[in-house]
Amino acid sequence: NAGVTQTPKFQVLKTGQSMTLQCAQDMNHEYMSWYRQDPGMGLRLIHYSVGAGITDQGEVPNGYNVSRSTTEDFPLRLLSAAPSQTSVYFCASSYGYSSTDTQYFGPGTRLTVL
Amino acid sequence: AQKVTQAQTEISVVEKEDVTLDCVYETRDTTYYLFWYKQPPSGELVFLIRRNSFDEQNEISGRYSWNFQKSTSSFNFTITASQVVDSAVYFCALSEDLNNNAGNMLTFGGGTRLMVKP
C-alpha cells in the first residue's frame, strides 16, 4: 500500500492563479480530509468527506473547493490563490469517520502564493 | 469549544536526557480521543498514539510514555534517554464524540519543536 499520496510536493503560484492539489489513498478509507499547517497554529481543517459524493466544510473553508467523485481521490481546488493561502497542506484519511478512527496523513504540499 | 494547548513552543535537550512534552486540552464532551503525532524534519506527520477518555492508564512504548490525567485535562508525552533522531515537531490533537455527525475532525495544538543535540 502506498498509503496517502499527495502531488505536487512544492508549488509556487501568483496571486489570482488557480490550481488543484491532488490527494489519493489506496486503503479503501471512507473518510478523507484536508488540513493546512501554519506556524504556531498547528493544523486546521479545511474540508472533509465522509464518503464518495459527500463533502462538508471544516474550520477554514473559504477560498477552497473540494469534490469526492471516487473513494480514492479527494482533490483540493484553489480558485483564485491569495498570499494568505501560503501554507503547507496535508491530506488525511481514516477507515471510518467517528472520533475513534485514527487519521493517517500524506507527505504534504508546500504552497507559496506570491 | 474544543481546544488544545501546547505551551512549550521549543525545547532543547542534550542526547540521553529525558524530556516531557506538555499537552492540555479543553472539551465539553465526556467521550473524546487524544492523539500525538510526530513531524520530523522531512515534513510528514507520523501517528504515535491514540487514547480514549475512558482509559487513564499510562502507556509505554519503548522509550516513549504517555501520562493521561483527566483531573488536570492533560496528556503529556515523555521521551526517555532522548536521541538525535527524536528531533521533530510534536503535535497533540483532540477528537470529540460530539463531532460524530460532522466528521472526524482533529483539533491540534500549536506543536512543540524538540531539538536533541548530540
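Attention in this report is confined to the structure presented alongside it.

What counts, and where the lines are drawn
- Residues numbered from 1 in each chain as written.
- Chains lettered and ligands numbered in written order.
- Predicted model: local features only at pLDDT ≥ 70, side-chain atom pairs only at ≥ 80, totals over all residues.
- Heavy atoms only, no water.
- Helix = DSSP H or I, 4+ residues; strand = E, 2+ residues; numbered from the N terminus.
- Rg over C-alpha atoms; globule rule 2.2 N^0.38 Å.
- Buried < 20%, exposed > 50% of the residue type's maximum accessible area, 1.4 Å probe, protein only.
- Contact = heavy atoms within 4.5 Å.
- Areas by Shrake-Rupley, 256 points an atom, 1.4 Å probe, with all protein chains shown as cover.
- Lys, Arg positive; Asp, Glu negative; His and termini not counted.
- Charge placed at Lys NZ, Arg CZ, Asp CG, Glu CD.
- Disulfide = S-S within 2.5 Å.
- Phe/Tyr/Trp six-rings, centres within 6.5 Å; stacked < 30°, edge-to-face > 60°.
- Pairing = 2+ DSSP bridges.

### A word on the overall build of chain A
Next up, step 1: Check the secondary structure of chain A and you find 0 helices and 11 strands.
Next up, step 2: Ordered by position from the N terminus, the helices and strands of chain A form the series β-β-β-β-β-β-β-β-β-β-β.
Next up, step 3: What you see for chain A is a C-alpha radius of gyration of 13 Å, in line with the 13 Å of a compact globule of 114 residues.
Next up, step 4: Here chain A, with 114 residues, has 50% of them falling under the buried criterion.
Next up, step 5: In chain A, 54% of the contacts between residues at least 6 apart in sequence involve partners at least 24 apart.
Next up, step 6: Carbon and sulfur atoms make up 51% of the accessible area of chain A, which totals about 5100 Å².
Next up, step 7: Across chain A, the 7 positively charged side chains and the 8 negatively charged ones have centroids separated by 14 Å.

### Observations regarding the state of the cysteines
Residue and element names in this part refer to chain A.
Next up, step 1: With the rule as written, the count across this model stands at 2 disulfides over all chains.
Next up, step 2: Note on cysteine connectivity: C23 is disulfide-linked to C91, with sulfurs 1.8 Å apart. Because the torsion about its S-S bond is -70 degrees, the bridge between C23 and C91 counts as left-handed. Within this pair, whereas C23 is found in strand β3 (residues 19-25), its partner C91 is found in strand β9 (residues 87-94), the two being separated by 68 residues in sequence.
Next up, step 3: C23 gets classed as buried once you look at its relative accessible area, which sits at 2%.

### Re the packing of aromatic side chains
Next up, step 1: Counted according to the given criterion, the structure contains 21 aromatic pairs over all chains.
Next up, step 2: With a centroid separation of 6.0 Å and an interplanar angle of 25 degrees, the aromatic rings of Y31 of chain A and Y48 of chain A are classed as stacked. Of the two residues, Y31 of chain A is situated in strand β4 (residues 31-37) and Y48 of chain A in strand β5 (residues 43-51); the sequence distance between them amounts to 17 residues.
Next up, step 3: The class for Y31 of chain A is buried, based on a relative accessible area of 0%.
Next up, step 4: Here the aromatic rings of F91 of chain B and F108 of chain B are separated by 6.1 Å at their centres, their planes lie at 85 degrees, and the arrangement is edge-to-face. With F91 of chain B in strand β10 (residues 88-96) and F108 of chain B in strand β11 (residues 107-108), the pair connects residues that are 17 residues apart, well separated along the chain. Neither F91 of chain B nor F108 of chain B differs from the other in exposure class; each is buried.
Next up, step 5: Connected via pairs of aromatic rings, a cluster forms that spans Y35, F90, Y104 and F105 of chain A together with F35, Y37, F47, F91 and F108 of chain B.

### Considerations on the pairing of β3 of chain A
Residue and element names in this part refer to chain A.
Next up, step 1: Judged by which residues are buried, β3 turns out to be one-sided: M19, L21, C23 and Q25 face inward and are buried, whereas T20, Q22 and A24, on the alternate face, are not.
Next up, step 2: Pairing geometry for strand β1 (residues 4-7) and β3, over 4 bridges, is antiparallel. Paired with T5 across the two strands is A24, which belongs to β3.
Next up, step 3: Judged from the 3 bridges that link them, β3 and strand β8 (residues 76-78) form a sheet pairing that is antiparallel. When the sheet's bridge partners are listed, L21 is paired in β8 with L76.

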